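# Structural characterization, general
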Amino acid sequence: LRMSRLVRVTRIMKVFRFHWMKELRLMLKGLIGGLRTLVTAMLLLFAVLYVIAGLATYLLGRDPRIRDLGLESLFYNLPISMFTTFRCLAGQCDADSGAPLPSILATEF
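Let me begin by describing the structure that accompanies this report. It should be emphasised that the depicted structure is a prediction, and the values quoted were computed from it without experimental measurement.

Analysis parameters
Residues numbered from 1 in each chain as written. Predicted model: local features only at pLDDT ≥ 70, side-chain atom pairs only at ≥ 80, totals over all residues. Heavy atoms only, no water. Helix = DSSP H or I, 4+ residues; strand = E, 2+ residues; numbered from the N terminus. Expected span 1.5 Å × (residues − 1). Buried < 20%, exposed > 50% of the residue type's maximum accessible area, 1.4 Å probe, protein only. Arc of directions from axis to C-beta. Contact = heavy atoms within 4.5 Å. Salt bridge = Lys/Arg side-chain N within 4 Å of Asp/Glu carboxyl O.

Taking 1.5 Å per residue, 38 residues should reach 56 Å; helix H2 (residues 22-59) reaches 56 Å between its end C-alpha atoms and fits that length. The set of residues buried in H2 consists of Leu49, Ala53, Ala56 and Thr57.

The structure is reproduced here in structure tokens:
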């Protein structure tokens, strides 16, 4: 079974050595290089979201004024705060009532 798989892989490698497959090889190299950049960007975005959400959870999640405003469901733990932060970065930064979250927080704090 292993030998047949090895034969299949070598046949595929022989196909990639043909001159007319040069463009496909270039496309695959570009795809792999682009994936590396995409993963790096996603990790950087995750790190920024993690830090901002951690601060929001620590500062806003424990504040009694947030409970009075009805925003406790947006900041009570880290994953929910990360989702709220991502929503704000993506442009949909609204409370459950539909009011803009930055204006609510700015008037209260």
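Inspection of helix H6 (residues 101-108) places Leu101, Ile104 and Leu105 among the buried residues, and these make up the whole buried set. The arc that holds the buried residues of H6, viewed along the axis, is 95°, so those residues lie on one side. In this structure, H6 carries Ala106 and Thr107 as exposed residues pointing more than 90 degrees from its buried face. For H6, the elements touching its buried residues are helix H3 (64-69), helix H4 (72-75) and helix H5 (78-90).

This model, assessed by the stated rule, comprises two salt bridges. With its nearest N and O atoms 3.2 Å apart, the salt bridge here joins Arg65 to Asp63. A relative accessible area of 34% places Arg65 in the partly exposed class. Here Asp63 falls in the buried class, since its relative accessible area comes to 14%. Put simply, Glu72 and Arg67 hold a salt bridge, and the shortest N to O gap is 3.5 Å. Classification of Glu72 as partly exposed rests on a relative accessible area of 35%. We classify Arg67 as partly exposed; its relative accessible area is 46%.

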